[in-house]
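So the chains spell out like this:
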Protein chains: 2
Amino acid sequence: MVTKQAAELRALTEGRGNAFDPDCPTRVVLDRIGDKWTVLVIGALVDGPRRFTALRQHIGGVAPKVLTQTLRAMERDGLLTRTVYAQVPPRVDYALTDLGASLGGPIAVLTDWAELNVAKILAARDEFVAQEA
Amino acid sequence: MVTKQAAELRALTEGRGNAFDPDCPTRVVLDRIGDKWTVLVIGALVDGPRRFTALRQHIGGVAPKVLTQTLRAMERDGLLTRTVYAQVPPRVDYALTDLGASLGGPIAVLTDWAELNVAKILAARDEFVAQEA
DNA sequence: CAGCATCCCGGTTGATACTG
DNA sequence: CAGTATCAACCGGGATGCTG
């Protein structure tokens, strides 16, 4: 059942050591997915552009500095656009690019898996703790 | 095209603030995926059990301590099994559980996306750097 | 062989306060 | 409003040395 997956994974992790290449596709994407806030930002922008403060309030609990960092990194990687309006007070809109929006698919697969299996994971943890007691 | 994804993502990130619940499905899985070595370990085990040293050499560049940490965390979460043989010299086999193997699917989706789009990301980075110069 | 104990370093995260 | 500046705290991660 995992033969196709196995092949794909091996191609990435075993093939020619590219898993240790910092520019390896796996690495680049995984680093961004693994980032605590990127997924939230994508979730916050899937249904339209938002302003900085709107994002902040929507996500909640994120420091301005960190949000800025996340946003800049995503902009740098072409996942979203940053539009500055020359007016007072300042206004900046953030919107997903096609690329950024297309990441929603893989993320959704992951979150689907998570929803399906998180119970098993938590059960495994409980059992593990129980065993070592 | 992203309407279904949008709905799913919103359910996870917007729904009821569970994105900030440490036990939120998204969080748990993302933390594990985001881990530098977990994906490599899965890739190393998809085609059968391996011993500690075999894993170490296969993955390469991972300190024993860190590999142990990763392995333990994955065992704790029911992603793999750890089998100790009472013999001298010691022997420990690691193998993916069904749960662990099933994570290969979502990971493959992610890596597929990565392979398809990493060029765009890198191009976006270059362009970004060029612009600010 | 497997892996734990210890020490340590650097980068990242975050809270707080301030500004164009 | 949309950040930047600054400082403090916190691990992830690695090197080394030792054991059952």
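See the structure above.
The structure reproduced in this document is the subject of the present report. In this text, all values refer to a predicted model and were calculated from it rather than measured experimentally.

Considering the protein's contact with DNA strand D
- Close to DNA strand D lie 18 residues, the nearest being Thr 53, Arg 82 and Tyr 94 of chain A together with Lys 65 and Pro 90 of chain B.
- Backbone atoms, meaning sugar and phosphate, form 66% of the atoms of DNA strand D found within 4 Å of the protein.
- Side-chain polar atom of Thr 53 of chain A to a phosphate oxygen of DNA strand D: 2.6 Å apart, as the coordinates give it.
- Between a phosphate oxygen of DNA strand D and a side-chain N or O atom of Tyr 94 of chain A, the distance comes to 2.7 Å.
- Within the residue set of the surface near DNA strand D, elements represented by two or more residues are helix H4 (52-59), helix H5 (64-76) and strand S3 (91-96) of chain A together with helix H5 (64-76) of chain B.

Re the sheet that holds strand S3 (residues 91-96) of chain B
Residue and element names in this part refer to chain B.
- An order of S1-S3-S2 is seen for the three strands of this open sheet, with the pairing classed as antiparallel. The two strands at the open ends of the sheet, each matched to only one other strand, are strand S1 (50-51) and strand S2 (80-85).
- Inspection of the sheet shows S1 paired to S3 by two bridges, in the antiparallel sense. Bridged to Arg 51 within S3 is Asp 93.
- Strand contacts of H5: S2 and S3, with the helix running at about 115° to S2, the strand carrying the most contacts.

Some words on the interface of chain A and chain B
- If you look at the interface, chain A gives 61 residues, while chain B gives 61 residues.
- Of the roughly 5,700 Å² buried where chain A meets chain B, counting both sides, 74% is carbon and sulfur surface.
- Summed over the shared surface of chain A and chain B, the number is two salt bridges.
- With its nearest N and O atoms 2.6 Å apart, the salt bridge here joins Asp 77 of chain B to Arg 125 of chain A.
- Taken together, the connections running from chain A to chain B amount to eight residue pairs in polar contact (both at pLDDT 80 or more).

Observations concerning the protein's contact with DNA strand C
- In the vicinity of DNA strand C lie 19 residues, with Lys 36 and Lys 65 of chain A together with Thr 53, Arg 72 and Arg 82 of chain B positioned nearest.
- Backbone atoms, meaning sugar and phosphate, make up 65% of the atoms of DNA strand C lying within 4 Å of the protein.
- Interatomic distance of 2.5 Å between a side-chain N/O atom of Lys 36 of chain A and a phosphate oxygen of DNA strand C.
- Put simply, the parts of the chain that give the surface near DNA strand C at least two residues each are H5 of chain A together with helix H4 (52-59), H5 and S3 of chain B.

Digging into the pairing of S2 of chain B
All names here are of chain B.
- Taken together, the six bridges between S2 and S3 define a ladder with antiparallel strand orientation. Bridging across to S3, Val 84 finds its partner in Val 92.
- The hairpin turn running from S2 into S3, its antiparallel successor, is five residues long.

Focus: the relation of the copies chain A and chain B
- For the pair chain A and chain B, the relating rotation is 180°, the translation along its axis is 0.0 Å, and the fit reaches an RMSD of 0.0 Å. Taken together, the rotation and translation describe the operation of a two-fold axis. Proximity to the rotation axis, assessed at the C-alpha, singles out Gly 34 of chain A in chain A; its C-alpha lies 1.8 Å from the axis.
- Looking at the interface residues of chain A, 100% of them are also at the interface in chain B, so both copies use one shared face.

Concerning the packing of H4 of chain A against H5 of chain A
All names here are of chain A.
- Two elements in contact, H4 and H5, have axes whose closest approach is 11 Å; the angle formed by their N-to-C orientations is 110°. As the angle between them shows, H4 and H5 are arranged roughly perpendicular. The hand of the H4/H5 crossing is right-handed. Residues Phe 52, Leu 55, Arg 56 and Ile 59 of H4 lie in contact with H5, whose contacting residues are Pro 64, Leu 67, Thr 68 and Leu 71.
- Its residues assigned to classes, the contact of H4 with H5 shows six nonpolar, one polar and one charged.

Some details on the packing of aromatic side chains
- Under the counting rule described, the total for this entry stands at zero aromatic pairs over all chains.
- Here Arg 91 of chain A stacks its cationic end above the ring of Tyr 85 of chain A, 5.3 Å away from the centre of that ring.

Side note on the pattern of salt bridges
- In this structure the tally under the stated criterion is eight salt bridges over all chains.
- Put simply, Arg 72 of chain A and Glu 75 of chain A hold a salt bridge, and the shortest N to O gap is 3.9 Å. Pair noted here: Arg 72 of chain A and Glu 75 of chain A are both in helix H5, with a separation of three residues, about one helical turn.
- Here Asp 93 of chain B and Arg 91 of chain B are joined by a salt bridge, their closest N and O atoms 3.4 Å apart.
- Overall, Asp 93 of chain B belongs to the buried group, its relative accessible area being 13%.
- Through salt bridges with shared partners, one network takes in Arg 32 and Asp 77 of chain A together with Arg 125 of chain B.

Definitions and cut-offs
- Residues numbered from 1 in each chain as written.
- Chains lettered and ligands numbered in written order.
- Predicted model: local features only at pLDDT ≥ 70, side-chain atom pairs only at ≥ 80, totals over all residues.
- Heavy atoms only, no water.
- Near = heavy atom within 4 Å.
- Polar contact = N/O pair within 3.5 Å; in protein donor to acceptor, adjacent residues only side chain to side chain.
- Helix = DSSP H or I, 4+ residues; strand = E, 2+ residues; numbered from the N terminus.
- Pairing = 2+ DSSP bridges.
- Contact = heavy atoms within 4.5 Å.
- Axes fitted to C-alpha atoms, helices over the stretch in contact; angles between N-to-C directions.
- Buried area = accessible area lost by both parts, 1.4 Å probe.
- Salt bridge = Lys/Arg side-chain N within 4 Å of Asp/Glu carboxyl O.
- Least-squares fit on C-alpha atoms with pLDDT ≥ 70 in both.
- Parallel < 35°, antiparallel > 145°, perpendicular 65-115°, else oblique.
- Left-handed = near helix turned anticlockwise from the far one by under 90°.
- Nonpolar A, V, L, I, M, F, W, Y, C, P; charged D, E, K, R; others polar.
- Phe/Tyr/Trp six-rings, centres within 6.5 Å; stacked < 30°, edge-to-face > 60°.
- Lys NZ or Arg CZ within 6 Å of the ring centre and 35° of its normal.
- Buried < 20%, exposed > 50% of the residue type's maximum accessible area, 1.4 Å probe, protein only.

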